[in-house]
Amino acid sequence: MGILKKFGLTVAASVVLFGYIIHRPIPHDVPHRFKYQMLINLQSMLELLATATEKLGYSRWWPYRPSIPFPSTLPDGMKVENEMLGGVETVIITPRSFQGKREPGPAIIFIHGGGWVMGSINGTATLLIQAAEETGFVVMSPEYRLAPEHPFPAPYDDCMNSTISFMKSSKRFNVDPKRIILSGDSAGGNLAMAVYIGLIEMQASDPTVKLPAMQALMNPLLQPLNFMTSSYQHYRELMFMNNLAPKFLLAYIGLNDRPELADVVARNSHVDKSDVELKEKWNLVSPSLIPDKYKQGGKVFELDDVVYDDTLDGDVRKLMKQMILNTKISPLLASNKIISKIKKTLVLVCEYDPLRDDGILLVERIRSLGGSAELQHLPTSLHGVSNMGAALPGSYYHQQNKIFFKTVKDAVSTD
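Here the structure is a predicted model, which is why all the values come from computation and not from measurement. (Residues numbered from 1 in each chain as written. Predicted model: local features only at pLDDT ≥ 70, side-chain atom pairs only at ≥ 80, totals over all residues. Heavy atoms only, no water.)

Enquirer: Help me understand the overall build of the protein chain, please; the structure alone is not making it clear to me.
Expert: Across its full length, the protein chain carries 14 helices and 8 strands. Counting only C-alpha atoms, the protein chain reaches 80 × 55 × 40 Å along its principal axes. Burial analysis of the protein chain (415 residues in total) assigns 55% to the buried set. A separation threshold of at least 6 residues defines the contact pool for the protein chain, and within that pool the share at least 24 residues apart is 74%. Per element, the accessible surface of the protein chain, about 17,900 Å² overall, is 56% carbon and sulfur. Taken together, the 43 basic and 42 acidic charged side chains of the protein chain have centroids lying 4 Å from each other. (Helix = DSSP H or I, 4+ residues; strand = E, 2+ residues; numbered from the N terminus. Buried < 20%, exposed > 50% of the residue type's maximum accessible area, 1.4 Å probe, protein only. Contact = heavy atoms within 4.5 Å. Areas by Shrake-Rupley, 256 points an atom, 1.4 Å probe, with all protein chains shown as cover. Lys, Arg positive; Asp, Glu negative; His and termini not counted. Charge placed at Lys NZ, Arg CZ, Asp CG, Glu CD.)

Here it is in structure tokens:
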């Protein structure tokens, strides 16, 4: 056998082996399965690179931060402007149908996802454009600072400051401050709800603070207390392989240099079940609150199943508890008094998403308090469908985005 032929066979075998290593099979009923399978395999490859980088002592997040340009082609007449609001760079997208309005109209403040460590305005631009086109509303999105270089509270502060500045500047953008919607996907959904709760807390001491008309969240991550929900146990390897979600969280709270804690958090061993405050919060995320039609069978993880890691040093213990109790990180765990002040809520969840139960728990909790909450459940989809839908006109996911934004439009239009 010639040298070139041997080399070719070696390369081919290596490619097959690498493909086998990164392949993460997804359910057969996922719409546009081939495209999604490619996306999952790409993420698996990035996580492989991230893990190798981490072991070499460098930041694990660089593979997840590609440079993405803003779309060069826009819908006819759409206006895109860059504005500094509250010291934060933002983009303001105004659809043609909104321009020239005599009366102020609604606006969406959309916060991109990415586990607090990645993502950008450019990376979510197609979704922002679709939001503006489908609703006819102004869309503002902040380029908030990312962890681990800028851990909490920097991302939250940027989102809050840009939101307040936009609301105060609403007249300049011909926006009705009473019809502003806070929205976001994944970790952006976390930040959107955290900002809403922050505004509620501010209003308690300053009645002039206006509250958004609605929160509209896509696949949100809303609490770091229970990482053993049914959906997380069943589907963590589909999108958040290698304890990726706990690693996001550790980076966000300033523990990016402690990757060994990811396994502790993933097992809920960061929860001291003897702590009275944490026991009370657990009751807000108990699996028993999930409606029967969404329960998936198998072992139900309750507080009694927690095996607390009492080897954690004092500073880490303190930080873990603060993380859970801080509603700017854990908005789902806010008090009933606070949650009941949220005017309207729309949550999109996907059946095969590890974060599915966070969204369901939020909707069930708001309804139990007599509030207005609507759930859009995609029975055969995975995490991250919204951005894919915006990039694939005519697809199932694109249609689900249209339904989501129509619900937003109708909810605000009836006020």
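Enquirer: Looking at this structure, how should I read the nonpolar core?
Expert: Inside soluble globular proteins, nonpolar side chains tend to come together where they are buried. Of all hydrophobic cores here, the largest spans 132 residues; its most connected members are Y36, F166, L199 and V408. Counting residues per element, this core draws most heavily on helix α5 (residues 187-205), at 10 residues. With sequence-adjacent residues up to four places away left out, V408 is seen in contact with I108, F137, I181, M214, A216 and L346. (Core = buried A, V, L, I, M, F, W, Y, C linked by side-chain atoms within 4.5 Å.)

Enquirer: Could you clarify how one ought to interpret the pattern of salt bridges in this entry?
Expert: Note that side chains of opposite charge can pair when their charged atoms are close. As enumerated under the stated definition, the model contains 20 salt bridges in all. Note that E260 and R258 form a salt bridge whose closest N and O atoms lie 2.4 Å from each other. The partly exposed category is assigned to E260, whose relative accessible area is 46%. R258 is paired through a salt bridge with D313; the nearest N and O atoms lie 3.5 Å apart. Of the two residues, R258 is situated in the loop between α7 (244-252) and α8 (261-266) and D313 in the loop between α9 (276-282) and α10 (314-325); the sequence distance between them amounts to 55 residues. (Salt bridge = Lys/Arg side-chain N within 4 Å of Asp/Glu carboxyl O.)

Enquirer: What is the right way to look at the sheet that holds strand β3 (residues 105-111) in this model?
Expert: Each strand in a sheet pairs with its neighbour through backbone hydrogen bonds, running either in the same direction (parallel) or in the opposite one (antiparallel). What the 8 strands build is an open sheet, ordered β1-β2-β4-β3-β5-β6-β7-β8; its pairing is mixed. On the outer flanks of this sheet lie β1 (79-85) and β8 (372-378), each paired with one strand and no other. Between one strand axis and the next, the sheet turns through 20 degrees on average, direction left out of account. Here β1 runs beside strand β2 (residues 88-94); their pairing, made up of 7 bridges, is antiparallel. The residue bridging E83 from the neighbouring strand is T90, located in β2. (Pairing = 2+ DSSP bridges. Axes fitted to C-alpha atoms, helices over the stretch in contact; angles between N-to-C directions.)

Enquirer: Any chance you could explain the packing of helix α3 (residues 125-135) against helix α14 (residues 396-413) here in plain terms?
Expert: Angle between the axes and distance between the axes: these two values describe a pair of packed helices. Close contact between α3 and α14 brings their axes to 9 Å; oriented N to C, the two are set at 55 degrees. The angle between α3 and α14 places the two elements in the oblique class. Crossing handedness for the pair α3 and α14: right-handed. On α14, the residues that touch L127, Q130, A131, E134 and T135 of α3 are H398, N401, K402, F405 and K409. Residues of the contact of α3 with α14, tallied by class, amount to 3 nonpolar, 4 polar and 3 charged. (Parallel < 35°, antiparallel > 145°, perpendicular 65-115°, else oblique. Left-handed = near helix turned anticlockwise from the far one by under 90°. Nonpolar A, V, L, I, M, F, W, Y, C, P; charged D, E, K, R; others polar.)

Enquirer: Is there a simple way to think about helix α12 (residues 356-368) in this case?
Expert: For the α-helix, the turn length of 3.6 residues means that residues three or four positions removed from each other point alike. Look at α12: 19 Å from first C-alpha to last across 13 residues, which is about the 18 Å you get at 1.5 Å a residue. The element α12 is largely enclosed, with a buried count of 10 among its 13 residues. For α12, the full list of buried residues reads R356, D357, D358, G359, I360, L361, L362, V363, R365 and I366. Looking at the buried side of α12, the elements it contacts are α5, β6 (214-218), α6 (230-239), α11 (336-339), β7 (344-350) and β8. Positive backbone phi, at 85 degrees, marks G370, one or two positions downstream of α12. (Expected span 1.5 Å × (residues − 1).)

Enquirer: Looking at this structure, I do not really get the packing of helix α4 (residues 154-168) against α5. What am I missing?
Expert: Axis separation between α4 and α5 bottoms out at 10 Å; the angle between their running directions is 65 degrees. For the pair α4 and α5, the crossing hand works out as right-handed. Between α4 and α5, the residues in contact are P155, Y156, C159, M160, T163, I164 and M167 and L191, A194, V195, G198, L199 and M202, respectively. Classifying every residue of the contact of α4 with α5 by side-chain character gives 11 nonpolar, 2 polar and no charged.

Enquirer: Explanation requested: the pairing of β3 in the structure shown.
Expert: Moving residue by residue along a regular strand, the side chains alternate between the two faces of the sheet. Among the 7 residues in β3, 7 count as buried, and that is most of the element. Where β3 and strand β4 (residues 138-142) come together, 3 bridges link them in parallel fashion. Residue pairing for β4: A107 is matched across the bridge by V138. In terms of handedness, the path from β3 via α3 over to β4 forms a crossover that is right-handed. (Right-handed = clockwise from strand over helix to strand, strands pointing away.)

Enquirer: Quick question: what am I supposed to make of α3 here?
Expert: Most of α3 is tucked away, with 8 of its 11 residues classed as buried. Those residues of α3 that fall on the buried side of the exposure criterion are A125, L127, L128, I129, Q130, A131, A132 and T135. Looking at the residues trailing α3, positive phi occurs at G136, about 80 degrees.

Enquirer: What's the story with the environment of G254 in this structure? I'm lost.
Expert: The topology assignment puts G254 in the loop between α7 and α8. Of the residues examined, G254 reaches a relative accessible area of 41% and is grouped as partly exposed. In this structure the C-alpha to C-alpha distance between G254 and A147, which are 107 residues apart in sequence, comes to 7.9 Å.

Enquirer: What exactly am I supposed to notice about the side chain of S231 here?
Expert: Along the chain, the position of S231 falls in helix α6. Overall, the relative accessible area of 0% leaves S231 in the buried class. A distance of 2.8 Å separates the side chain of S231 from the backbone oxygen of P354, its partner in a polar contact. Excluding anything up to four places from it in sequence, S231 contacts R236, Q296, D353, P354, L355, R356 and D357. (Polar contact = N/O pair within 3.5 Å; in protein donor to acceptor, adjacent residues only side chain to side chain.)

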